There are 2 protein chains.
Amino acid sequence: MSDAPLFNTITLIGVGLIGSSLARVIREKGLARRVIAGVRPGAAAETLKRIAITDAVIENPAEAVKDADLVILCTPVGSYGKIAAAIAPNLKPGAILSDVGSVKDLVLRDVGPHVPPGVHFIPAHPVAGTEQSGPEAGFAALFDNRWCILTPTPDTDPKALAKLHAFWEACGSKVEIMEAKHHDLVLAITSHVPHLIAYNIVGTASDLETVTNSEVIKYSAGGFRDFTRIAASDPTMWRDVFLANKDAVLEMLGRFTEDLIALQRNIRWGDGDALFDLFTRTRAIRHQIIDAGQETNRPDFGRGPGEGK
Amino acid sequence: MSDAPLFNTITLIGVGLIGSSLARVIREKGLARRVIAGVRPGAAAETLKRIAITDAVIENPAEAVKDADLVILCTPVGSYGKIAAAIAPNLKPGAILSDVGSVKDLVLRDVGPHVPPGVHFIPAHPVAGTEQSGPEAGFAALFDNRWCILTPTPDTDPKALAKLHAFWEACGSKVEIMEAKHHDLVLAITSHVPHLIAYNIVGTASDLETVTNSEVIKYSAGGFRDFTRIAASDPTMWRDVFLANKDAVLEMLGRFTEDLIALQRNIRWGDGDALFDLFTRTRAIRHQIIDAGQETNRPDFGRGPGEGK
């Protein structure tokens, strides 16, 4: 990399957990001369002005993209089509348009038709996050050592792709190129279905008549509390993900349920060997995730003993 | 509490994660004059002799209980009946016999009939643990600020109960008294079904033909990796839990699956409002668990950014 920043102006549309982490890392690493937040008027806009992590907060996305060399959509995926239509006339020739959404095939279909000739549209998905939301939840190191998946099409300009690749590497990410439909299948099993079953068990537990909510809360250290972390993720973002990745989620969910029914049958019929075999096999995968640098090796995620008291 | 230790001799039968944590906290807090490990000959026994966290390692459980005022079964629950039969003739009159198992009704039925008159049998369950196993995985602070559930019967001697209550409080726990069958229902939803669905999704993910194991591992930070923690728990212990708490697990699992099918239908028919409502409701429960002191309030369990690289 030369001493000049990768971009003159980067505009982030929507500045929640991911957008505000981008704003911070762009500043920290000097990846652009200017970072602009393009947001709707409201509480988040006021917070952004107060915490001042961007050079400007423009409460009109179409205005905010005018000078940008890189525009990144950081709103829930369900909003992309409308935003793309609004900003398209103001996108600069040669600019790169990208996003951070957890679904990629629908993004190509929703956004693609709005993109003017001469603008390079390359969807992206940094596989990183926490259960917290909003501009104050972000931090510059969020993408450090995490994978970012780019899903170009055969028509994508190689120079623009290389520039976006370099941008994410400069943000700390490891970068992978993938076909959009395959991305959606991979994320359905590594992210979307896990979120769905976490939301689901928390719902099931809170609806019981025989066990009180207070008991669920008190004894949650038995395992349940782990699920509440991802079940505390942003509701709008996740609603949009499930609606936008319906086919892949239903496919993976079907397999999950089929396997669960088989396991239920093993329990009903007392097949201890089948249970033991599965429980032994699953143990190995965690060790591989730790070895791959994608998980802490500290027991209990490194939560301190008695933490929270 | 007076200056004298609560017990003269405590014998732990089986010394894995929980037993070795007990051995350590008993020593650290001076809760007994002597702690004895009663284990089968083998690798764990050799480890125990090497790390010397007990005053003696006796490779014969029946011998190990002879002088004990408190005997705690710390082996997988499926082994209790056989162990109880073996140690019963050697239990001292007036001794307390307890355990740490995650299922309580079957324990009453498996162990109860072996308990000689004059011995106080009081099942117990400390709701604490990590995904690691074995005598070297334990630590004295494991029970700190966690709940321990005692499940006495109407016949239980109140003095013995008070003594076991005091013991667990001295170990750092908060203590609750519960009926055994109710305990099993509460733990089915707060611990057993969460473990089952974690084991299950890790199994589903590793069996896919369309997504490679290497992809599952690389992109696990999207949520999947959280589930691998509890799916790395001890296979023998968990096999026994599901076999021993069959009815309550099948009941809770039936509700979970019913709710999941309804959620699947919402996704198929694009009912975003139903998804949004559930995802909003579940968010509140995590905050209650944090407020109750049973979970860290640090984002992402406090895992460091990019941790593991």
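The shown structure was predicted, so the numbers you read here are calculated from the model rather than taken from an experiment.

1. Details of the relation of the copies chain B and chain A
Superposition of chain B onto chain A requires a rotation of 180° combined with a translation of 0.0 Å along the rotation axis, giving an RMSD of 0.0 Å. Those values place the two copies in the arrangement expected of a two-fold rotation axis. Considering only C-alpha atoms, the part of chain B nearest the rotation axis is B:Phe301, at 3.3 Å. Comparing interface residues between copies, 100% of those in chain B also lie at the interface in chain A; the contact surface is shared.

2. Let's talk about the packing of helix 12 (residues 272-291) of chain A against helix 10 (residues 235-244) of chain B
Axis separation between helix 12 of chain A and helix 10 of chain B bottoms out at 9 Å; the angle between their running directions is 140°. With respect to each other, helix 12 of chain A and helix 10 of chain B are oriented oblique. In terms of crossing hand, the pair formed by helix 12 of chain A and helix 10 of chain B is right-handed. Judged by residue contacts, A:Gly272, A:Leu275, A:Phe276, A:Phe279, A:Thr280 and A:Arg283 of helix 12 of chain A engage B:Pro235, B:Thr236, B:Trp238, B:Arg239, B:Phe242 and B:Leu243 from helix 10 of chain B. Each residue belonging to the contact of helix 12 of chain A with helix 10 of chain B can be placed in one class, and the counts come to seven nonpolar, three polar and two charged.

3. What to know about the domain arrangement of chain A
All names here are of chain A. What the domain assignment reports for chain A is domain 1 (7-178) and domain 2 (182-270). Taken together, the 16 residues of domain 1 in the interface contact 17 residues of domain 2. Counting each side, the surface lost to burial between domain 1 and domain 2 is near 1300 Å², with a carbon and sulfur contribution of 68%. Inspection of the domain 1/domain 2 interface yields one salt bridge. For Arg-229, the salt bridge goes to Glu-131, with nearest N and O atoms at 2.9 Å. At the boundary of domain 1 with domain 2, the tally comes to six residue pairs in polar contact (both at pLDDT 80 or more). Tallied by class, residues from the side of domain 1 that touches domain 2 come to six nonpolar, seven polar and three charged.

Definitions and limits used
- Residues numbered from 1 in each chain as written.
- Chains lettered and ligands numbered in written order.
- Predicted model: local features only at pLDDT ≥ 70, side-chain atom pairs only at ≥ 80, totals over all residues.
- Heavy atoms only, no water.
- Least-squares fit on C-alpha atoms with pLDDT ≥ 70 in both.
- Contact = heavy atoms within 4.5 Å.
- Axes fitted to C-alpha atoms, helices over the stretch in contact; angles between N-to-C directions.
- Helix = DSSP H or I, 4+ residues; strand = E, 2+ residues; numbered from the N terminus.
- Parallel < 35°, antiparallel > 145°, perpendicular 65-115°, else oblique.
- Left-handed = near helix turned anticlockwise from the far one by under 90°.
- Nonpolar A, V, L, I, M, F, W, Y, C, P; charged D, E, K, R; others polar.
- Domains from an automatic or database assignment.
- Buried area = accessible area lost by both parts, 1.4 Å probe.
- Salt bridge = Lys/Arg side-chain N within 4 Å of Asp/Glu carboxyl O.
- Polar contact = N/O pair within 3.5 Å; in protein donor to acceptor, adjacent residues only side chain to side chain.

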